[in-house]
Amino acid sequence: MPVVDGVELPETPLLDELEKGPWPSFVKEIKKTAIEQEKAMKAGKKIKLPGAAKGLLKVLELAYKDKRTHWKHGGIVSVIGYGGGVIGRYCDLEDQIPEVWHFHTIRINMPAGWFYTTKALRTICDVWEKWGSGLTNFHGSTGDIILLGTRTEYLQPCANALAYADQLYGGVPFDIGGSGSDLRTPSACMGPALCEFACYDTLKACYEFTMRYQNELHRPMWPYKFKIKCSGCPNDCVAAKARSDFAIIGTWKDEIQIDQEAVREYAKVIDIEEHVVKKCPTKAISWDGKELKINNRECIRCMHCINVLPKALKPGKERGATILIGGKAPFVDGAIIGWVAVPFIPENELIEKCCEMLEAIWEWWDEEGKFRERVGELIWRKGMDEFLKVINQKADVRMVYAPRNNPFIFWRELNE
Amino acid sequence: MVAQEVEKEPEETLQPKTDFGPPHYEIMLHPVVKKNYGKWAYHEAVRPGVIKRVAESGDVIYTVRFGTPRLLSIYTVREICEIADKYCDGYLRFTSRHNVEFILTDPDKIEPLIKEVQEKLGFPCGGTRDTTNAKYCLSNIIHTQGWVHCHTPATDASGIVKSVMDELYDYFTDYKLPAQCRISLACCANMCGAVHASDISIVGVHRKVPKIDDDAVRRTCEIPSTVAACPTGALKPDMKRKTVVLDKDKCMYCGNCYTMCPGMPIFDPDNDGVAILVAGKVSDARYPPQLSKVVVPWIGNNPPRWPEVVQTIKKILETWATHAEKYERIAEWVHRIGWERFFELTGLEFTEKLIDDYKRTPYIYASYRTSAAFRW
Ligand code: HEM
Ligand code: HEM
Ligand code: HEM
Ligand code: HEM
Ligand code: SF4
Ligand code: SF4
Ligand code: SF4
Ligand code: SF4
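Presented here is a report on the structure given in the accompanying data block. Just so it is clear, the structure is predicted and the values come from calculations on it, not from any experiment. (Residues numbered from 1 in each chain as written. Chains lettered and ligands numbered in written order. Predicted model: local features only at pLDDT ≥ 70, side-chain atom pairs only at ≥ 80, totals over all residues. Heavy atoms only, no water.)

Thoughts on the overall build of chain B
What counts, and what does not: We count a stretch as a helix when DSSP gives it H or I for four or more residues in a row; a strand needs E for two or more, and each element gets its number in order from the N terminus. Only protein chains enter the area calculation, which uses a 1.4 Å probe; residues under 20% of their type maximum are buried, those over 50% are exposed, and those in between are partly exposed. Only the protein chains shown count as cover for residues, with accessible areas throughout obtained via the Shrake-Rupley method and a probe of 1.4 Å.
In terms of helices and strands, chain B carries 12 helices and 14 strands. Taken over the C-alpha atoms alone, chain B extends approximately 75 × 70 × 45 Å along its principal axes. Among the 376 residues that make up chain B, the fraction classed as buried is 62%. Summing over all exposed atoms, chain B offers an accessible surface of approximately 14,600 Å²; the carbon and sulfur share of this is 51%.

Shown next as structure tokens:
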């Protein structure tokens, strides 16, 4: 057995291959945890799950050898008052590797935009050093902080430690995120905190939804999961269009703001014709060497020109957001990018309008949705006409690329 | 293994507290960020990994981005905190792609910070873009749990990501690409990572139906919930034999039944592997969002370093980077040159497996506008 800093590590010849090379190594992270946690325990710190990281090394080495996973699912585990946020995980080698027989995940609701103080991050570290494996993901794919691996009996104390972190650890309290058939933890791009393109306050919107829908987030009660993501502009840095049932994409309605002096400055270093004019998808831009003109009736607000000339161009002043509905990954009806449900909501009405719509959608879906049917799939089954009634919207040509190419219309109102 | 505690910890006796939500983002913002919230004027690429952001007030912030392995030890997170205390007044952020960003006000601290992070943590600085000049770094690979923590993976996640990023390291640390390229990985077709709209995606695929162990099903499974878990209706209860029967023609190897019932494992070491998809995108810039398309139906698992997968990804990336025009993402490049050229240039083989026969995505979907780009 290799010994590092007085700590014995299991033999892991296959995993050791993944310590080589320049990219940061997850294997090193697991080994480091194994070593440091044992050292901390020897130094007298309270640690409930010594050896968890070592156990993970053993399981993972076997997975690499056997070319298969050694985890299994097994019953619902959770904390008092919540139905979601904890993912039950058991090892199928409980006799061989009892250290990780239970290895449940806790999802922690991250702050909007993934901004942290070191005080807040240290809270997570202190709690997870004591009550868990010491292994984390920054972040899980939905956006939560993932605490990777603890035993059933430590779930509640760990949740309490996080909830009372101010009193117990002098830290920042954290709540648990979503999992199962509930509202998943909403996420947002950094928006107005750091990005000049933001057409609405993504962090505020994300925080508002999260707080208003705590019940929906913590208590799975729907046909399936539901995701909300907030991107400040059509660049969509949180991939809301593809990854959320309800995507809020910042945009504007009026003219792109132009600072001609700044354009001329850019023209000294780049070819405006090549980098901007030719790349506009609707050929809305012209440049005569002195002045950049945009035909805003033709502009589709794709962001390209603004991305290239951030100092010179800005989204217009009449700002708000487009709502896309139905984005999701494959099962059951295939991968979907969301499609336009509301072409434009002005910024000052955005949060309230979204809440009205969300509540109406959830009620409808709860009533009509089948088990494991995402909202997008329900809309396909029921038709856009019914969905538009639910969200109280009129049809708009911006909801489609093209009208239908068949006259097989269901004239339901004439055939009641 | 359960440690016998005589004395209870305070955490064990406290009344559970619920529904108080995440910490407010405002307390997490650097004072300069808070002061200029919503009032940023423009940004500029300083060097790979470093972006200068200038506010209307004239205040300046530098964000310095580093790639991480996503799976982080709390002891590494504490080291990150020490560095952020030293250089950034204790403020930092993570990005949607598993990168960490330090927030600086003093440009003279950029180089020392990069050096210290490299030395202490081994994290590379990079992953950003200079859009004005059409120079792009590759960003980090967004990925899922794999053999580290999930029960349905057809491949590992972290191991492939590590192997691919080792090979493409210089693309992360330097501007070597003509346009943005997002790589993502999901270790099974559930696609927790939602990788279906990425420039390049790596997706774990099972190829064989679950192996039903009737005995284990009888012992460990609740039959109705197992049958109900199947999204395609491939499972039927066999009440007489107290087990389930499977219709091979309907099964799409998703492993949902294994979630409910350990008696029907989906994994199969010889037949599991990954598919490779390309030409997805999410942003509206220039060209509307696109779903990724399968260009390699299957490559077997070859741990610990998956050389075949690594070389295929590298080949696709480099072929595109060599042939694409400025700003042309893979989707746009293929749209210009055609799929016939794509297969010719990359040397990938087009087979009947790449012709769609999954009939469940309704045809109506093609007419829906999957983009926020339109005229007023
Ligand atoms: C039938 C379908 C699905 C099943 C059975 C499933 C199952 C799971 C399981 C068991 C995990 C936990 C992995 C772990 O930490 O051990 C997980 C994680 C996750 N799932 Fe799914 N999943 C499904 C579909 C999806 C889809 C369609 C999405 C996204 C659109 C998704 C998003 C996520 C995310 C974001 C995580 C966190 C994992 C990470 O951050 O790496 N899941 N899923
Ligand atoms: C920025 C400019 C362009 C944009 C945004 C654009 C966008 C599109 C889109 C979205 C489609 C639908 C098919 C798909 O899913 O990819 C399409 C199809 C097509 N485009 Fe373009 N296009 C552009 C320029 C061009 C140019 C310059 C040509 C010809 C030289 C061209 C030729 C075609 C053809 C032939 C199709 C039909 C392909 C088919 O039927 O499968 N496009 N274009
Ligand atoms: C220079 C700009 C463009 C050119 C030359 C172009 C060219 C084309 C061509 C040739 C087609 C095939 C039409 C057909 O089969 O009859 C097409 C289809 C299409 N284009 Fe464009 N396009 C351009 C811009 C755009 C833009 C900016 C968008 C959306 C943002 C767009 C969206 C589409 C779509 C969705 C289709 C498929 C329409 C359908 O047949 O259902 N195109 N385009
Ligand atoms: C001021 C800050 C930022 C600016 C100006 C910016 C700009 C952009 C632009 C121009 C695009 C579209 C690229 C294209 O299709 O040509 C884009 C896409 C994207 N950005 Fe950002 N970005 C910013 C911050 C971030 C951050 C911090 C992240 C997280 C790491 C991020 C993640 C992404 C992702 C994942 C996409 C890809 C969406 C897709 O697949 O099309 N962005 N961003
Ligand atoms: S989505 Fe737009 S507003 Fe948000 S960070 Fe990206 S570029 Fe900025
Ligand atoms: S935002 Fe896009 S469509 Fe509008 S002018 Fe700029 S490049 Fe053209
Ligand atoms: S993609 Fe599949 S295997 Fe990977 S974490 Fe998600 S459910 Fe598990
Ligand atoms: S693997 Fe999926 S499709 Fe196949 S039987 Fe199981 S649940 Fe059904």
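Let's pick the thread back up.
Topic: the overall build of chain A
The condition is simple: Two residues form a contact once any of their heavy atoms are found within 4.5 Å. Counting rule for charge: Lys and Arg are taken as positive, Asp and Glu as negative, and neither His nor the chain ends is counted. By convention, charge coordinates are those of NZ in Lys, CZ in Arg, CG in Asp, or CD in Glu.
The helix and strand tally for chain A stands at 16 helices and 18 strands. Dimensions of chain A, computed from the C-alpha atoms along their principal axes, are close to 70 × 65 × 45 Å. Within the span of chain A, comprising 416 residues, buried residues form 66% of the whole. The long-range share in chain A, meaning contacts at least 24 apart out of those at least 6 apart in sequence, stands at 65%. Of the accessible surface of chain A, which amounts to about 15,000 Å², a share of 52% is contributed by carbon and sulfur atoms. Each charge class in chain A was averaged separately, 56 positive and 57 negative side chains, and the resulting centres sit 2 Å apart.

Some words on the site of ligand 6
The following threshold applies: Here a residue is near a molecule or strand as soon as one of its heavy atoms is found within 4 Å of it. Lys, Arg, Asp and Glu make up the charged group, whereas Ala, Val, Leu, Ile, Met, Phe, Trp, Tyr, Cys and Pro make up the nonpolar group; the residues left over, Gly among them, are polar.
Close to ligand 6 lie 13 residues; Cys280, Cys299, Ile300, Cys302 and Cys305 of chain A are nearest. Of the residues contributing to the shell around ligand 6, the split by class is 10 nonpolar, two polar and one charged.

Some details on the coordination of the iron atom of ligand 4
Put simply, the test is: Donor selection uses N, O and S atoms within 2.8 Å of the metal (3.2 Å for Na, K and Ca). Since no water is included, sites may look incomplete.
For the iron atom of ligand 4, the sole protein-derived donor is Cys237 of chain A (SG), lying 2.2 Å away. Topologically, Cys237 of chain A is positioned in the loop between strand S11 (228-231) and helix H10 (240-243).

Here we look at the coordination of the iron atom of ligand 1
Donor atoms from the protein around the iron atom of ligand 1 number only one, Cys192 of chain B (SG), found at 2.6 Å. With respect to the secondary-structure elements, Cys192 of chain B resides in the loop between strand S9 (183-186) and strand S10 (200-205).

Here's the deal with the interface of chain B and chain A
How we decide: Within this document, salt bridges are pairs made up of a side-chain nitrogen of Lys or Arg and a carboxyl oxygen of Asp or Glu, the two lying within 4 Å of each other. In protein, a polar contact requires one atom able to donate a hydrogen and another able to accept it; more generally it is a pair of N or O atoms within 3.5 Å, and residues adjacent in sequence count only if both atoms are side-chain atoms.
Across the boundary between the two partners, chain B contributes 142 residues, which contact 160 residues of chain A. For the pair chain B and chain A, the interface holds 13 salt bridges. Close ionic contact of Glu9 of chain B with Lys48 of chain A constitutes a salt bridge, the shortest N to O distance being 3.3 Å. Joining chain B to chain A, the criterion identifies 84 residue pairs in polar contact (both at pLDDT 80 or more). The dominant element in the side of chain B that touches chain A, judged by the number of residues it contributes, is helix H3 (residues 74-88) of chain B, at 10 residues.

Let's talk about the pattern of salt bridges
Taken as a whole, this structure holds 57 salt bridges over all chains when the rule is applied. The shortest N-O distance in the salt bridge between Glu368 of chain A and Lys382 of chain A comes to 3.1 Å. Placement of Glu368 of chain A in helix H14 (residues 350-368) and of Lys382 of chain A in helix H15 (residues 375-382) is noted, with a sequence separation of 14 residues between them. Overall, the relative accessible area of 30% leaves Glu368 of chain A in the partly exposed class. The partly exposed category is assigned to Lys382 of chain A, whose relative accessible area is 22%. Linking Arg241 of chain B and Asp214 of chain B is a salt bridge whose minimum nitrogen-to-oxygen distance equals 2.7 Å.

A closer look at the state of the cysteines
All names here are of chain B. Note the cut-off: We call a pair of cysteine sulfur atoms a disulfide when they lie within 2.5 Å.
If you walk through the whole model with that rule in mind, you get one disulfide over all chains. The partner cysteine of Cys221 in its disulfide is Cys261, sulfur to sulfur 2.0 Å. Residues Cys221 and Cys261 are joined by a disulfide whose S-S torsion is about 75°; by sign, that bridge is right-handed. Pair noted here: Cys221 is in the loop between helix H7 (214-220) and helix H8 (223-229) and Cys261 is in the loop between helix H9 (256-260) and strand S13 (273-278), with a separation of 40 residues, a long-range link. Using a relative accessible area of 0% as the deciding quantity, one classes Cys261 as buried.

A look at helix H11 (residues 330-337) of chain B
Residues and elements named next belong to chain B. Burial of H11 is extensive: six of the eight residues sit out of reach of the surface. Restricting attention to buried positions, one finds in H11 the residues Ile330, Ala331, Glu332, Trp333, Val334 and Ile337. Two residues or fewer past H11, Gly338 is found with a positive phi of approximately 90°.

Structural notes on the sheet that holds strand S2 (residues 50-55) of chain B
The strands making up a sheet associate through backbone hydrogen bonding, with each pair oriented either parallel or antiparallel. Note the threshold: In short, DSSP must find at least two bridges between two strands for them to pair. Comment: axis = line fitted to C-alpha atoms, over the contacting stretch for helices; angle = value between 0 and 180 degrees taken between N-to-C directions.
Here we have six strands laid out as an open sheet, ordered S7(A)-S5(B)-S6(B)-S3(B)-S2(B)-S1(B), and antiparallel in their pairing. Lying at the two open borders of the sheet, with one neighbouring strand each, are strand S7 (115-117) of chain A together with strand S1 (40-47) of chain B. Across the sheet, the mean angle from the axis of one strand to that of its neighbour is 25°, orientation sign disregarded.

As for the environment of Leu313 of chain A
Within the element layout of this structure, Leu313 of chain A appears in strand S16 (residues 313-314). Residues Leu313 of chain A and Gln257 of chain A, 56 residues apart in the sequence, show an inter-C-alpha distance of 5.5 Å.

Observations concerning the packing of aromatic side chains
So the rule is basically this: Pairing of aromatic rings covers Phe, Tyr and Trp, the last through its six-membered ring, and needs centres within 6.5 Å; plane angles under 30 degrees mean stacked, over 60 mean edge-to-face, and all others mean tilted.
Across all of its chains, the model carries 32 aromatic pairs over all chains by this definition. Between Trp23 of chain A and Phe172 of chain B, the ring centres sit 4.9 Å apart and the planes meet at 80°, which makes this aromatic pair edge-to-face. Taken as a pair, Trp23 of chain A in the loop between helix H1 (13-16) and helix H2 (26-42) and Phe172 of chain B in helix H6 (residues 169-173) lie in two separate chains rather than in one. What makes Phe172 of chain B buried here is its relative accessible area of 0%.

Section: the pairing of S9 of chain B
Regular strands place side chains that alternate from one sheet face to the opposite one. All names here are of chain B. Burial along S9 is two-sided: Ile183 and Leu185 facing one way and Ser184 and Ala186 facing the other are all buried. One ladder, built from four bridges, connects S9 with S10; its direction is parallel. By the bridge assignment for S10, Ser184 is matched with Ser201.

Looking at the side chain of Arg319 of chain A
Residue and element names in this part refer to chain A. Looking at the element boundaries, Arg319 is found in strand S17 (residues 319-325). Although Arg319 is buried, it makes no salt bridge; Glu347 carries the closest opposite charge, 6.2 Å away. Side-chain polar atoms of Arg319 contact the backbone oxygen of Ala198, separated by 3.3 Å. Polar contacts involving the side chain of Arg319 include one to the main-chain carbonyl oxygen of Pro315, which spans 3.2 Å. Beyond its immediate chain neighbours, meaning those up to four positions away, Arg319 contacts Ala198, Cys199, Thr251, Trp252, Gln257, Phe344, Pro346 and Glu347.

What to know about H3 of chain B
All names here are of chain B. Cut-off, in case you're wondering: Given a helix with a known number of residues, its expected span is that number minus one, times 1.5 Å.
Taking 1.5 Å per residue, 15 residues should reach 21 Å; H3 reaches 20 Å between its end C-alpha atoms and fits that length. With respect to burial, H3 is a largely interior element, 11 of its 15 residues being buried. Of all the positions in H3, only Ile74, Tyr75, Thr76, Val77, Arg78, Ile80, Cys81, Ile83, Ala84, Tyr87 and Cys88 are classed as buried. One side-chain oxygen at the N-terminal end of H3 lies 3.0 Å from the backbone nitrogen of Tyr75; it belongs to Ser73.

Concerning the nonpolar core
Convention followed: The definition of a nonpolar core used throughout is a set of buried Ala, Val, Leu, Ile, Met, Phe, Trp, Tyr and Cys residues joined through side-chain atoms within 4.5 Å.
Judged by nonpolar contacts, the single largest core of 237 residues is most densely connected at Phe209, Phe226, Phe246 and Ile248 of chain A together with Phe102 of chain B. Beyond its immediate stretch of four places on either side in the chain, Ile248 of chain A contacts Tyr200, Phe209, Ile228, Lys229, Cys230, Ser231, Ala321, Thr322, Ile323, Leu350 and Cys354 of chain A. Grouped together as the second largest cluster of nonpolar side chains are 13 residues, Val209, Val227, Cys261 and Met264 of chain B included.

Looking at the sheet that holds strand S14 (residues 293-300) of chain B
All names here are of chain B. With mixed pairing, four strands are arranged side by side in an open sheet as S9-S10-S13-S14. Every interior strand has two partners, whereas the edge strands, S9 and S14, have only one. On average, each strand axis in the sheet is tilted by 20° relative to the strand beside it, whichever way the strands run. The sheet strands contacting helix H10 (residues 307-323) are S9, S10, S13 and S14, and the helix crosses S13 at an angle near 5°.

A short note on the pairing of S17 of chain A
Residues and elements named next belong to chain A. Buried residues dominate S17, accounting for seven of its seven residues. Pairing geometry for strand S12 (residues 246-252) and S17, over seven bridges, is antiparallel. When the sheet's bridge partners are listed, Ile248 is paired in S17 with Ile323. Relative to strand S18 (residues 339-346), S17 is paired through five bridges, and the arrangement is antiparallel. For Ala321, the partnering residue across the bridge sits in S18 and is Ile345.

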